[in-house]
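Working through the structure, step by step
For reference, the chains in residue letters:
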Amino acid sequence: MFDPEKLARENIRSLKPYTSARDEFSGTAEIYLDANENAFGSPVSGRLNRYPDPLQRALKEKIAPLKGIDSGRIFVGNGSDEAIDLLLRIFCEPGRDAAIVCPPTYGMYTVAAAINSVAVNEIPLNDEFQLNVPSILDAAEGAKLIFICSPNNPTGNSIDRTDILQVAERFAGIVVVDEAYIDFSHQASMIGDLGRLPNLVVLQTFSKAWGMAAARVGVAFGNEKIIELLARVKPPYNVSGLSQDAVAAAIVGGEPRVADWIEQVKQQRGIMRDSLLRLKQVEAVYPSDANFLLVKFSEADKIYKFLLSKRIVVRNRGTMSGCERCLRLTIGTPGENQILISALEKYENQAASASAEKTI
Ligand SMILES: *Cc1c(COP(=O)(O)O)cnc(C)c1O
């Protein structure tokens, strides 16, 4: 039987969590004089003088049916970045334990590990940006966590489900599958696999498809025992009341609009892909299951600077191993995408006329 408690650090197992003022009383009280709040009110509307629900129950009641999961299997964090940090702190003893990451991938896994003095064992993705399963399993001993990003940032592709399942079945530690871009993917979420894989944690976020990045709300789904550990270690009021209310409201009214935006992004992704492939500077447009494209250019750094001079900001990923000369382009509105393509065409025409001058 897999017991995440046994995998947790000693100090976490014996941790007596901070109990907030409202933990010892549920229901509606006559008066609340327990938390040193301002009882008169707050200068703005919305009962902001009161601390928010530390367990985010109302929000979890909205997320549960949206994702088809029990609310006991949901952790809500200050962005999914908070869950990444907490998982490292719960399971990895600083200076002793390691986490596996599969670059090129999202940089926060390594940064969060470094902040927590957790060694990172890098097992690069292969040429198709897929998992190197045998190497991962070879490195598994001594690692407590593995981070798998699917669809992967910055490459955009989904990671083969069968490979993730194989790793999850054979790895004794926690397998974290970061699904920040799952709404744009043709591949189904791994949430459906949580029931039979007790060591699986799925991360999702309201920052991308849901259009709620400013609220900083991310979610971890997993085995109740892992969710309990996350709740034990998190700061009691980790998600503000404003953010809880905003995301709950977004879920109630926003689903049709979000679904429509997702369709538009996918359509624009195809249009952008075709437009980019027509440019001579473009060497490759990698297949994407996300709301961005990874594009290899013959002169990526020059193009990046040229775009900046036109006040167009994209992400230069050229320093990442496996992404040499690559820029990551977020799919914007049709108008924004057209501005980007026009700028790239302008660059190409300038480059062409410059080389024509040279030959004259
Ligand atoms: C954007 C992103 C996140 C961050 O999500 P937040 O909920 O905003 O913290 C996590 N993982 C990946 C891969 C991302 O690209």
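A brief report on the enclosed structure follows. Residue positions within a chain follow its written sequence, with the count starting from 1. At least 70 in pLDDT is required for a residue's local features to be given in this predicted model, at least 80 for side-chain atom pairs to be given and counted, and no such filter applies to totals for whole chains, interfaces and linings, which use all residues. Hydrogen atoms and water are omitted, and side-chain values are computed over all heavy atoms in the structure.

**Some words on unusual backbone geometry**
Which entries qualify depends on this criterion: Secondary structure elements are taken from DSSP: a helix is a run of H or I of four residues or more, a strand is a run of E of two residues or more, and numbering for both begins at the N terminus.
In this chain, Pro103 is followed by Pro104 through a cis amide linkage whose omega measures 0°. Along the chain, Pro104 turns up in the loop between β2 (98–101) and α5 (108–115). Cis geometry is adopted by the peptide bond preceding Pro154, which originates at Asn153 and carries an omega value of 15°. Take Pro154: it is sitting in the loop between β4 (143–149) and α7 (161–170). Phi at Asn36 takes a positive value of approximately 55°, unusual for a residue other than glycine. Within the secondary structure, Asn36 sits in the loop between α2 (10–13) and α3 (57–67). Backbone geometry at Arg325 places phi at a positive 60°, although glycine is not the residue there. As for its position among the elements, Arg325 is in the loop between β10 (315–316) and β11 (326–330).

**Description of the pairing of β2**
The test is simple: Partly exposed describes any residue whose relative accessible area lies between the buried limit of under 20% and the exposed limit of over 50%, with all areas from a 1.4 Å probe on protein chains only and scaled to the type maximum. Pairs of strands are assigned from DSSP output, requiring at least two bridges between the strands.
Going residue by residue along β2, you find Ala98 and Ile100 tucked away on one face and Ala99 and Val101 tucked away on the opposite face as well. Examined bridge by bridge, β2 and strand β3 (residues 119–122) share four bridges and lie parallel to one another. By the bridge assignment, Ile100 is partnered in β3 with Asn121. Bridging between β2 and β4 involves four bridges; their strand directions are parallel. Bridged to Ile100 within β4 is Ile146.

**Observations regarding the site of the ligand**
The test is simple: Being near a molecule or strand, for a residue, means having at least one of its heavy atoms within 4 Å of it. Nitrogen and oxygen atoms within 3.5 Å of one another constitute a polar contact, given that in protein one can donate a hydrogen and the other can accept it, and given that sequence-neighbouring residues count only through two side-chain atoms. The Shrake-Rupley method, run with a 1.4 Å probe, gives the accessible areas here. Residue values count only the displayed protein chains as cover. Ten residues, namely Ala, Val, Leu, Ile, Met, Phe, Trp, Tyr, Cys and Pro, are considered nonpolar, four, namely Asp, Glu, Lys and Arg, are considered charged, and the remaining ones, Gly among them, are considered polar.
Neighbouring residues of the ligand: 13 residues in total, closest Asp178, Thr205, Ser207, Lys208 and Arg216. Measuring from an oxygen atom of the ligand, one finds a side-chain N or O atom of Asn153 at 2.9 Å. A distance of 2.6 Å is found between a nitrogen atom of the ligand and a side-chain nitrogen or oxygen belonging to Asp178. Protein coverage of the free-state accessible area of the ligand, which is 390 Å², stands at 93%. Considering only residue class, the shell around the ligand consists of four nonpolar, five polar and four charged.

**Some remarks on the pattern of salt bridges**
As a reminder, the rule being used: Any carboxyl oxygen of Asp or Glu within 4 Å of a side-chain nitrogen of Lys or Arg constitutes a salt bridge here.
One pass over the full model with this rule turns up 16 salt bridges. Two residues, Glu5 and Arg232, come together in a salt bridge whose shortest N-O distance is 3.1 Å. Of this pair, Glu5 sits in helix α1 (residues 4–7) while Arg232 sits in helix α8 (residues 224–233); the two residues are 227 residues apart in sequence, bridging distant segments of the chain. Judged by relative accessible area, Arg232 falls into the buried class, the value being 18%. Of the charged contacts, one joins Glu10 and Arg13 as a salt bridge, the two residues approaching to 3.5 Å between their closest N and O atoms.

**Some thoughts on the packing of α3 against helix α9 (residues 241–277)**
For clarity, the threshold we go by: Helix axes are fitted to C-alpha atoms over the stretch in contact, other axes to C-alpha atoms as well, and angles between N-to-C directions run from 0 to 180 degrees. For a crossing to be left-handed, the near helix must be turned anticlockwise from the far one by less than a right angle; the clockwise case is right-handed. In this description, contact between two residues means that some pair of their heavy atoms is separated by no more than 4.5 Å.
The interhelical angle for the contact between α3 and α9, taken along N-to-C directions, is 35°, at an axis separation of 9 Å. You can see that α3 and α9 cross each other, and the crossing is left-handed. Of the residues in α9, those touching α3 at Leu59, Lys62, Ile63 and Leu66 are Gln244, Val247, Ala248, Ile251, Val252 and Glu255. For the contact of α3 with α9, the residue count by class is seven nonpolar, one polar and two charged.

**Observations concerning the sheet that holds strand β1 (residues 74–78)**
Strands sit in the order β1-β7-β6-β5-β4-β2-β3 across an open sheet of seven strands; the sheet is mixed. This sheet does not close on itself; its edge strands, each paired only once, are β1 and β3. In this sheet, adjacent strand axes meet at a mean angle of 25° when their direction is disregarded.

**Some remarks on the environment of Ile136**
Within the secondary structure layout, Ile136 lies in helix α6 (residues 133–139). Residues Ile136 and Gly95, spaced 41 residues apart in sequence, show a C-alpha to C-alpha distance of 21 Å. Excluding anything up to four places from it in sequence, Ile136 contacts Ile100, Cys102, Ile123, Leu131, Ile146 and Val167.

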